[in-house]
Amino acid sequence: MEKIILLGDEAVALGAIHSGLNAGYSYPGTPASEVMEFLIRQSDGGRKYVAKWCVNEKVAMEEALGASYAGQRAMVSFKHVGLNVAADPFINAAVTGANGGLVVVSADDPGFHSSQNEQDSRYYADFARVLCLEPASHQEAYDLTREAFDLSEKFGLPVMIRLVTRLAHSRAPVVIREAAKKNRDLKYGYSPDWTLLPANARHRYQVLLKLQEQLKDYAEGCLFNRFSPAQNGSRLGVVATGLAFSYFQEIYPRLDFGPAFLKISTYPFPEKKLLELIDQVDEIIVIEEGYPFVERFIRGVAGIPGKIIKGKMDGTIPASGELTPEIVAGALGLSAKTGLSTGNFQLPARPPQLCSGCPHGDTFQALNEALHGYDRANVFSDIGCYTLGALPPYKAIQTCVCMGASVSMAKGGAEAGVYPSVAVIGDSTFTHSGLTPLLDAVYSNTDMTVIILDNGTVAMTGAQPSFGTGEPLDRMLVGLGVNKDHLKVINPLPKNHQLNTGIIREELAYHGLSVIIARRECIQILGDKKRS
Amino acid sequence: MTYNLILAGVGGQGILSIAFVIDQAALAEGLYFLQSEVHGMSQRGGAVQAHLRLSETEIHSPLIPQGEADLILSVEPLEALRYFSYLKPDGVVISSRSPYINIPDYPPVEDIYREIKRAPVSLLVEADKLAKEAGSLRAENMVVLGAASVYLPLREENFKNFISVLFQTKGDKVVNTNLKAFDLGRQAAKGEF
């Protein structure tokens, strides 16, 4: 029995490898990046299976779907907001169905550790009408991923694995089993199911609807869903999903009453088991990471006559933020212990900040100075390390919404009368979702200035490769139709401050589209190179 | 037996390297463990922490409840204070003395030392001096680990084995620097108590 130490993300990746994975695709994003990092490390340079970073999540999802159609086992992984980007192929893949096992890993970020929202991927699985598996532990992350590939092929549907930050980014020993043989031959050919013309789509959707009963039957018999009846005449029932169950499990031995409990690891969830629990108790506490997904189903509109239902919707558990041992203990009536206090001592916060010597800092200083004197300017920005430019000392940017939005919003802003209208976007975010809005701006020759911070890497998530950096990025911009006279490259260094400020100021004054590339290598990458 | 420890510091100070050594040592000794960590944006020069739980029996919660940490191990003094509410009434604090000042409102360091000493058991290690003596300022994390190792329910040779494993790709010199840093930290703690 071999035990190895794995991050939650890595347990999923190894589960996939041991399922005979043929191809993995991803775009970096916390807390999901380590799934692909692990796949790449174990792939023997791609000889064992395909493991690739993709230009964005939609592309990654579609590449995985293409591999699945070819009869291969494929997995795509991303953070929860990445699923928004991949939503179109994800929803439609449920209609076409999968051929080779197709597993979609979506890692939610309750508590906003490194994200702009705490959306709950279980709603997407429900929306697409596919099966979603939610591990409660590292062991289950490994085991359920292996199960997911088999289920995907059994039902002919994509299967989602839902992770949360605290599982994705914690480590524990995992018992691994013998790997399945990789015997997935290419299945050439095609199916009319994959061409979603209305007539085919109607037919396929009926198939998907009929499969729902089978998914429910699976949930009812799935051993990862566990019902335990009440002990000692307890009239309390606990419903806990995924990692929430682990917090409950830790506290359970400390309870002097023995509540009934239902552990949920699949969606659809086991309705019959849930009804059995409800039948035995007067009070139900629902504990889940993320939105009150199961709780809403249980409550419905009218509640359950004679039963008290507690959870996120009545404030027993906070509606936002991640679960903690204290929150779960408190919901079960246990008082939390108190630790030492630092009394009146004022502890200053230490927020994340740009590294010392970071090129973005120099660009922000030049931009701030160039904008001096304009009173109707907006700086729309994007997602990456440079989002920290919103904080002191720079206070240089004013928006962060979603990948690529800076360019589109700068165009909308300019057309609404904002001047200067500036977009600030990193090289990888630009190729992820900035190319298409820039084409829009080229077409209209919008009076706006786009600054591309080209540090040559996806810095914030751990230096994954960038698809459009250096000279190829310049050619991409010329190819899109950016006017060469207003395509400038600056080197953001303190010694170039006056020069750079002047160039930015000139382009802000130009009434048409300008693109300025601020090009200097990420200081972290440079440091790593020097050390090795 | 469950032993809960909080690892603290600033992004880039090598908290995850400490976690790696303890995790591997725990596995080698047949213990269960769970270790949470921080990735992504928060790593950029901000406060970082890891919850690490070791146990002879199976454990489930990846987070340590307030008031239940046996030890705070911090590579930075202000960061040691940040997690005081997690410490048991008889908990131990092992911290580096050297401040990492990257915020404008960093308090006077003597005030921080005074607060840390309010813990029932505390040790402020001269991690910068000892790391330099071992051969590299970057080894401060291993000095603090060495000092904390006196308290952790793990064997000395296992710490050392996995320090070697951790740094082996960087060559013998780096391995020896880090082993020496660990030793100096351990001696400092033994001399103190």
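Residues numbered from 1 in each chain as written. Chains lettered and ligands numbered in written order. Predicted model: local features only at pLDDT ≥ 70, side-chain atom pairs only at ≥ 80, totals over all residues.

Draft legend 1. Spotlight on the environment of Ala98(A). Residues and elements named next belong to chain A. With respect to the element layout, Ala98 can be found in the loop between helix H5 (87-96) and strand E5 (102-108). Judged by local crowding, Ala98 falls into the buried class, with 26 C-beta atoms found within 10 Å. With 271 residues separating them in the primary sequence, Ala98 and Glu369 have C-alpha atoms 54 Å apart. Leave out the neighbours within four places in its chain, and Ala98 touches Ser68, Ala93, Ser152, Gly156, Leu157 and Pro158. (Helix = DSSP H or I, 4+ residues; strand = E, 2+ residues; numbered from the N terminus. Buried ≥ 20, exposed ≤ 12 C-beta atoms within 10 Å, placed from the backbone. Contact = placed C-beta atoms within 7 Å.)

Draft legend 2. The arrangement of the sheet that holds strand E3 (residues 47-55) of chain B in detail. Strand order in the open sheet formed by eight strands is E1(A)-E8(A)-E2(B)-E3(B)-E1(B)-E4(B)-E5(B)-E6(B), with mixed pairing between adjacent strands. Two strands close off the open sheet at either side, each with one partner strand: strand E1 (2-7) of chain A together with strand E6 (121-125) of chain B. Looking at each pair of strands side by side, their axes are set apart by 20° on average, direction ignored. Pairing of E1(A) with strand E8 (residues 170-176) of chain A, which is carried by six bridges, proceeds in the antiparallel orientation. Pairing of Ile5(A) across the sheet is with Pro173(A), part of E8(A). (Pairing = 2+ DSSP bridges. Axes fitted to C-alpha atoms, helices over the stretch in contact; angles between N-to-C directions.)

Draft legend 3. Here's a closer look at helix H3 (residues 57-69) of chain A. Residue and element names in this part refer to chain A. Taking 1.5 Å of rise per residue, 13 residues should cover 18 Å, and H3 covers 18 Å from first to last C-alpha, within 8% of that figure. Counting buried positions over the 13 residues of H3 gives 10, a clear majority of the element. Along H3, the residues classified as buried are Glu57, Lys58, Ala60, Met61, Glu63, Ala64, Leu65, Ala67, Ser68 and Tyr69. Looking at the buried side of H3, the elements it contacts are strand E2 (23-26), strand E4 (74-79), helix H4 (80-85), H5 and E5. Phi for Gly71, located one or two positions after H3, is positive at around 85°. (Expected span 1.5 Å × (residues − 1).)

Draft legend 4. Fine view of the packing of helix H14 (residues 359-370) of chain A against helix H18 (residues 497-509) of chain A. All names here are of chain A. Contact geometry of H14 with H18 gives a least axis separation of 8 Å together with a crossing angle of 55°. In terms of orientation, H14 and H18 fall into the oblique class. Handedness of the crossing formed by H14 with H18: right-handed. Judged by residue contacts, Asp362, Gln365, Ala366, Leu367, Glu369 and Ala370 of H14 engage His497, Asn500, Thr501, Ile504, Arg505 and Leu508 from H18. (Parallel < 35°, antiparallel > 145°, perpendicular 65-115°, else oblique. Left-handed = near helix turned anticlockwise from the far one by under 90°.)

Draft legend 5. Representation of the sheet that holds strand E13 (residues 283-287) of chain A within the structure. All names here are of chain A. On the basis of which strands lie adjacent, the open sheet formed by five strands has the order E9-E11-E10-E13-E14 and mixed pairing. Strand pairing shows two members of the sheet lacking a second neighbour, strand E9 (226-228) and strand E14 (308-310), which therefore form its edges. Each neighbouring strand pair of the sheet contributes to a mean axis angle of 10°, computed without reference to strand direction. In the sheet, E9 pairs with strand E11 (residues 260-264) via three bridges, with the strands oriented antiparallel. Looking at E11, one finds that Phe227 is bridged to Leu262. Those strands touched by helix H10 (residues 242-251) are strand E10 (236-241), E11 and E13, and its axis lies near 135° from that of E10.

Shape is all these values report; function is a separate question.
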